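One letter stands for each residue in the lines below.
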Amino acid sequence: MTSATVAATATSARTAFFLGPALFGAYGLIRVLDGLDGERGPGLAWTAGHLCFLVGLVFFVRGFVALRSRARHRDPVATTGLWTGIAGAVALSVQFGVDIVTGLMAADHAEMARLSDNFGSLPGVEAAFYMFGPMLFFVGQIVLTLRLGALRRLPLWAPCLVFVSALMPFLGKDLMPVAALLLLVGYAPLWLPSASRTALRSA
């Protein structure tokens, strides 16, 4: 691998650690605004917010791969975290993809809810894509960041912020913008310029 390729890969990873949380934050803000009239979707805000989340998932998966590469060679804990996070990202992708499709198909909120319920009532769907599957996304990134904290590749406060941010959506989805902000700060040692990263690591 050439030095130019290595540099491009590092830049791509730094971008992912910033854009993933930023797009999650955009989804959270759009979601709050979409609910000001008392109901969410269907419509432009519903579709735009969910697209932000889906694109954010792509950047998060790229970030998970980068986190795994920062661990020791073939580290089993980091590898488990990587594949757990990817499995959760797949589950969330299906959930949000269905939300987009039902939003585009439905004429109003009631019809959208009915279409979504039809999908959710299929055998195994509720557990795989709504209850347990999405939780793997949060578990995976917690495992990865904790592992890097244990290996001193991240300051210990970083996985702590990632852990707190993972709890936010379960306390209330309106806290998504706060969760995204915590993730941005938690991942700051990975996306800030090198001089700033050095200062944060020594904090």
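Structural data are supplied above this passage.
This is a predicted model, so every value here is computed, not measured.

Draft legend 1. How the structure looks around the pattern of salt bridges. According to the stated counting rule, one finds four salt bridges in the structure shown. The shortest N-O distance in the salt bridge between Arg40 and Asp174 comes to 3.2 Å. Placement of the pair is Arg40 in the loop between α1 (3–34) and α2 (44–70) and Asp174 in the loop between α7 (157–171) and α8 (176–186), with a sequence separation of 134 residues. Residues joined by salt bridges that share partners form a network here, namely Arg31, Arg40 and Asp174.

Draft legend 2. Local environment of the nonpolar core. Core analysis: the biggest nonpolar cluster contains 36 residues, and Phe24, Phe53, Leu57, Phe64, Leu67, Phe137 and Tyr187 have the highest contact counts within it. Those elements that provide at least two residues to this core are α1, α2, α3 (76–105), α6 (135–150), α7 and α8. Among the elements that make up this core, the one with the highest residue count is α2 (eight residues).

Draft legend 3. Structural view of the packing of aromatic side chains. Inspection of the entire model under this criterion finds 16 aromatic pairs. Where Phe24 meets Phe53, the ring centres are 4.2 Å apart and the plane angle is 10 degrees; that geometry is what we call stacked. Taken together, the residues Phe24 in helix α1 and Phe53 in helix α2 connect sequence positions 29 residues apart. Its relative accessible area of 5% is what places Phe53 among the buried residues. On the basis of an interplanar angle of 70 degrees and a centroid distance of 5.2 Å, the ring pair of Tyr27 and Phe53 is categorised as edge-to-face. Remark: Phe53 occurs in helix α2 and Tyr27 occurs in helix α1; sequence separation between them is 26 residues. Residue class for Tyr27 comes out buried when judged on its relative accessible area of 8%.

Draft legend 4. Expanded view of empty space enclosed by the protein. With the rule as written, the count across this model stands at two cavities of 30 Å³ or more. Lining the largest cavity are Phe24, Phe138, Gln141, Ser165, Ala166, Pro169, Met176, Ala179, Ala180 and Leu183. Residue assignment for the lining of the largest cavity shows that the elements contributing at least two residues are α6, α7 and α8. Per-element accounting of the lining of the largest cavity gives the leading share, four residues, to α8. Of the residues assigned to the lining of the largest cavity, the class counts are eight nonpolar, two polar and no charged. As a volume, the second largest cavity reaches approximately 40 Å³. Forming the boundary of the second largest cavity are Ala16, Phe17, Gly20, Pro21, Phe59, Phe60, Gly63, Phe64 and Tyr187. Elements supplying a minimum of two residues to the lining of the second largest cavity: α1 and α2. Its residues assigned to classes, the lining of the second largest cavity comprises seven nonpolar, two polar and no charged.

The rules we used
Residues numbered from 1 in each chain as written. Predicted model: local features only at pLDDT ≥ 70, side-chain atom pairs only at ≥ 80, totals over all residues. Heavy atoms only, no water. Salt bridge = Lys/Arg side-chain N within 4 Å of Asp/Glu carboxyl O. Helix = DSSP H or I, 4+ residues; strand = E, 2+ residues; numbered from the N terminus. Core = buried A, V, L, I, M, F, W, Y, C linked by side-chain atoms within 4.5 Å. Buried < 20%, exposed > 50% of the residue type's maximum accessible area, 1.4 Å probe, protein only. Phe/Tyr/Trp six-rings, centres within 6.5 Å; stacked < 30°, edge-to-face > 60°. 1 Å grid on protein atoms, 1.4 Å probe; cavity = no way out; pocket = protein on both sides within 12 Å on 5 of 7 lines; lining within 4 Å. Points joined across faces, edges and corners; volume = space filled by probe spheres on them. Nonpolar A, V, L, I, M, F, W, Y, C, P; charged D, E, K, R; others polar.

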